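The lines below spell out each chain.
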Amino acid sequence: MKYSREVEEMCPLVKGAYHGPAPIPQEGKWTQAKEISDISGLTHGVGWCAPQQGTCKLTLNVKEGKIQEALVETIGCSGMTHSAAMASEILVGKTILEALNTDLVCDAINTAMRELFLQIVYGRTQTAFSEDGLPIGAGLEDLGKGLRSQVGTTYATLAKGPRYLELAEGYITKLAIDENDTIIGYKFVHLGKMMEMISNGMDANEALEKASGQYGRVDDAVKLIDPRHE
């Protein structure tokens, strides 16, 4: 280590009291984080690419500084969906510092990793005050039945009005319309549940019927329309 001449000519003085870093809340404890291995927690974050064409929601479960679980959810860009597959393989097993300085293929995922890193090292995780945090596998609970992301996709034009395409309940098959041409409800199919039933041997038409439902005042509708073709 090199010192400048000015520093070399200074007289040495004894350092005063050292109290260490401020403790941060982690999994029900207060921790003075001095090493990467001192960091634990589960949290979520979002990121975006430079043209803001797509976005990523990233969920990490970190134990003793190492990423044990990663959930990568992306929307808005076809290339990003492939990047998500690679990122999920890349992230697990790395320390959060390694992950921060790893090319995660897509800028939106890289940005999400940056945002998560800040939350985690500053003690702002979802499990900051949960004793022992959450077990590995907790990330999947965000997806619900059928392990599909919670997606909301709607579209509208001034000339023709709104169309609901997919909401939290599932893929929208029909919009319920009243006498004023206002949407008052919708019919949907939960694709995750349907595919699970089909994979278990159920007939596709029966699975479609069992995974379907409705929301709102569908029974009061004057007409039902297909949001994609009408």
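Residues numbered from 1 in each chain as written. Predicted model: local features only at pLDDT ≥ 70, side-chain atom pairs only at ≥ 80, totals over all residues. Heavy atoms only, no water.

Q: Explanation requested: the overall build of the protein chain in the structure shown.
A: What the protein chain contains, in helices and strands, is 6 helices and 11 strands. Taking 230 residues into account, the globule formula puts the C-alpha radius of gyration at 17 Å, and the protein chain, at 25 Å, lies well above it. Considering only C-alpha atoms, the protein chain reaches an extent of 90 × 40 × 30 Å along its principal axes. Relative to its full complement of 230 residues, the protein chain shows a buried share of 33%. The long-range fraction of contacts in the protein chain, counting pairs at least 24 apart against all pairs at least 6 apart in sequence, stands at 52%. For the protein chain, the computed accessible surface area is about 14400 Å², with 53% contributed by carbon and sulfur atoms. A distance of 2 Å separates the average location of the 22 positive side-chain charges in the protein chain from that of its 31 negative side-chain charges. (Helix = DSSP H or I, 4+ residues; strand = E, 2+ residues; numbered from the N terminus. Rg over C-alpha atoms; globule rule 2.2 N^0.38 Å. Buried < 20%, exposed > 50% of the residue type's maximum accessible area, 1.4 Å probe, protein only. Contact = heavy atoms within 4.5 Å. Areas by Shrake-Rupley, 256 points an atom, 1.4 Å probe, with all protein chains shown as cover. Lys, Arg positive; Asp, Glu negative; His and termini not counted. Charge placed at Lys NZ, Arg CZ, Asp CG, Glu CD.)

Q: Got a minute to help me understand the nonpolar core in this structure?
A: Note on soluble globular proteins: their nonpolar side chains tend to be buried together. Counting 24 residues, the largest nonpolar core has C56, L58, L60, V72, L91, I109 and M113 as the members making the most contacts within it. Secondary-structure elements contributing two or more residues to this core are β4 (55–63), β5 (66–75), α2 (78–91), α3 (96–100) and α4 (107–121). Per element, the largest residue contribution to this core is 7 residues, and it comes from α4. The contacts of M113, once residues within four sequence positions are left out, are L58, L60, L91, I96, A99, L100 and L104. (Core = buried A, V, L, I, M, F, W, Y, C linked by side-chain atoms within 4.5 Å.)

Q: What's the story with the side chain of T43 in this structure? I'm lost.
A: Relative to the helices and strands, T43 resides in strand β3 (residues 41–48). Polar side-chain contacts of T43 include one of 2.7 Å to the side chain of Q119. If we ignore the near neighbours within four places in the chain, the residues touching T43 are L58, T59, L60, L116, Q119, I120, R124, T125 and Q126. (Polar contact = N/O pair within 3.5 Å; in protein donor to acceptor, adjacent residues only side chain to side chain.)

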